[in-house]
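Overview (structure and organization)
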Amino acid sequence: MTSERKTANVAHSIHGSSLYQERARAALPLLVRQAHAHQPIFYSDLASELGMRNPRNLNFVLGSIGQTMMDLSKSSKEEVPPIQALVVNKATGLPGEGVGLWLQERSFGALSKKQQRALVDAACLSIYTYPNWERVLMELSHRAAPAIPESVLKAACDFRGGGESEAHRSFKEFVATNPKTVGLSKLARSTMEYCLPSGDRIDVLFEPPSEAVGVEVKAAVSDVADIARGLFQCIKYRAVLEAYLASRGERAERALYFGS
């Protein structure tokens, strides 16, 4: 038996005063957030959000969450999926071997990567489609985590502007001259820094025959706060673009965030 599976076996539910139980209570709303977004999360990223230096110390945290889901399944007589399976290794895209205990597959570590992937994909589907995660949080006296961490939102709001970086300019030019990067025909006509009546400028506007597609570009040098701003900019640009084109009897198909 591996140490990771031993951890899963001995970890208690989140109702307790141990550090790993406190962390489990903090981690659960984050995993529910990921379930709603239909996205796994890397061990390293979850550890960072929890203020943990070493992702390896998540073993007991995730074991505690797994035990809690099992307890809820028994008390509610409803199968609650093993939401901790959403935490995956950055290199393999798979959870640790200890997940086998929660997937009812104790020989998980001995399976081929293809077999492991099939089991994990099935588990993730059940997690994504489970309709009662908010009820789970309520029963455990938890609040849902914001889709974007408060620290990131604050940093995005505190932005005071600056000049365009070379990385942003070159990536914008690349997207503008390669419509296929956003799923459009190579015949799509592009305009960089397209000016809207609101005074905003869209990085790239494509105008195929039947639709207009606005693209907000973020280069690899952008931090998470800049990416968060880009997401909100897309919402704003789409609304303004739709209103503007409607006044001309045309329509906007979509506004995109695009990062390198």
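Residues numbered from 1 in each chain as written. Predicted model: local features only at pLDDT ≥ 70, side-chain atom pairs only at ≥ 80, totals over all residues. Heavy atoms only, no water.

Right, let's talk about the packing of helix α2 (residues 19–37) against helix α4 (residues 58–76) for a bit. Direction vectors running N to C along α2 and α4 enclose 70 degrees, while the axes themselves pass 8 Å from each other. In terms of orientation, α2 lies roughly perpendicular with respect to α4. α2 and α4 meet at a crossing whose hand is right-handed. Here Tyr20, Gln21, Arg23, Ala24, Ala27, Leu28 and Leu31 of α2 lie close against α4, whose contacting residues are Phe60, Val61, Leu62, Ser64, Ile65 and Met69. When the residues that make up the contact of α2 with α4 are grouped by side-chain class, the tally is 10 nonpolar, 2 polar and 1 charged. (Axes fitted to C-alpha atoms, helices over the stretch in contact; angles between N-to-C directions. Helix = DSSP H or I, 4+ residues; strand = E, 2+ residues; numbered from the N terminus. Parallel < 35°, antiparallel > 145°, perpendicular 65-115°, else oblique. Left-handed = near helix turned anticlockwise from the far one by under 90°. Contact = heavy atoms within 4.5 Å. Nonpolar A, V, L, I, M, F, W, Y, C, P; charged D, E, K, R; others polar.)

Moving on, we come to the pattern of salt bridges. Close approach of charged atoms allows side chains with opposite charge to pair. Using the criterion set out here, one finds 11 salt bridges in the structure. Of the charged contacts, one joins glutamate 173 and arginine 169 as a salt bridge, the two residues approaching to 2.6 Å between their closest N and O atoms. Here glutamate 173 pairs with arginine 169, and both are found in helix α8 (residues 166–177), just 4 residues apart, close to one helical turn. According to the relative accessible area criterion, glutamate 173 is partly exposed, its value standing at 33%. Arginine 169 sits in the partly exposed class, given a relative accessible area of 29%. Glutamate 242 is the salt-bridge partner of arginine 238, the closest N and O atoms lying 2.9 Å from each other. Residue arginine 238 and its partner glutamate 242 are both found in helix α9 (residues 224–247); the two are separated by 4 residues, about one turn of the helix. Counted as one network, the salt bridges with shared partners bring together Glu78, Arg135 and Glu139. (Salt bridge = Lys/Arg side-chain N within 4 Å of Asp/Glu carboxyl O. Buried < 20%, exposed > 50% of the residue type's maximum accessible area, 1.4 Å probe, protein only.)

Here we take up the nonpolar core. If you look at the biggest cluster of nonpolar residues, it comprises 43 residues, and the most contacted ones within it are Leu28, Leu46, Leu58, Ile65, Met69, Ile83 and Trp133. Where this core is concerned, the elements lending two or more residues are α2, α3 (43–49), α4, α5 (113–129) and α6 (133–139). The biggest single contributor to this core is α2, with 8 residues. In this structure, leucine 46 is in contact with Ala27, Leu30, Leu31, Ile41, Leu58, Leu62 and Val87, ignoring residues within four places of it in sequence. (Core = buried A, V, L, I, M, F, W, Y, C linked by side-chain atoms within 4.5 Å.)

Attention now goes to α2. Relative to the 27 Å expected for 19 residues at 1.5 Å per residue, α2 spans 28 Å between its end C-alpha atoms, a close match to the ideal helical length. Maximum bend of α2: about 25 degrees, positioned at alanine 27, with proline proline 29 one to four residues after it. Inspection of α2 places Tyr20, Gln21, Ala24, Ala27, Leu28, Pro29, Leu30, Leu31, Val32, Arg33, Gln34 and Ala35 among the buried residues, and these make up the whole buried set. On its buried side, α2 packs onto β1 (41–42), α3, α4, β2 (87–88), α5 and α6. (Expected span 1.5 Å × (residues − 1). Bend = angle between axes of the 7 residues up to and from the residue.)

Across the 6 residues of strand β5 (residues 213–218), 6 count as buried, placing the element largely inside the fold. Along β5, one buried face is formed by Val213, Val215 and Val217 and the opposite face, lined by Gly214, Glu216 and Lys218, is buried too. Relative to β5, strand β4 (residues 201–207) is paired through 3 bridges, and the arrangement is antiparallel. The partner of leucine 205 across the bridge, within β5, is glycine 214. (Pairing = 2+ DSSP bridges.)

Glancing now at a nonpolar patch on the surface. There is a patch of nonpolar side chains on the surface, built from Leu231, Phe232 and Ile235 and spanning about 300 Å² of accessible area. The residue leucine 231 is located in helix α9 in this model. Assessed through its relative accessible area of 40%, leucine 231 is described here as partly exposed. (Patch = residues over 30% accessible without salt bridge, like charges linked within 9 Å, V, L, I, M, F, W, Y side chains within 5 Å. Areas by Shrake-Rupley, 256 points an atom, 1.4 Å probe, with all protein chains shown as cover.)

Despite not being glycine, lysine 77 has its phi angle at roughly 55 degrees, a positive value. On the secondary structure map, lysine 77 appears in the loop between α4 and β2. Positioned with a positive phi, glutamate 193 is a non-glycine residue whose angle comes to about 55 degrees. Looking at the secondary structure, you find glutamate 193 in strand β3 (residues 189–195).

Moving on: the side chain of serine 73. You can see serine 73 is positioned in helix α4. Assessed through its relative accessible area of 14%, serine 73 is described here as buried. Among residues more than four places away in sequence, those in contact with serine 73 are Glu78, Glu79 and Val80.

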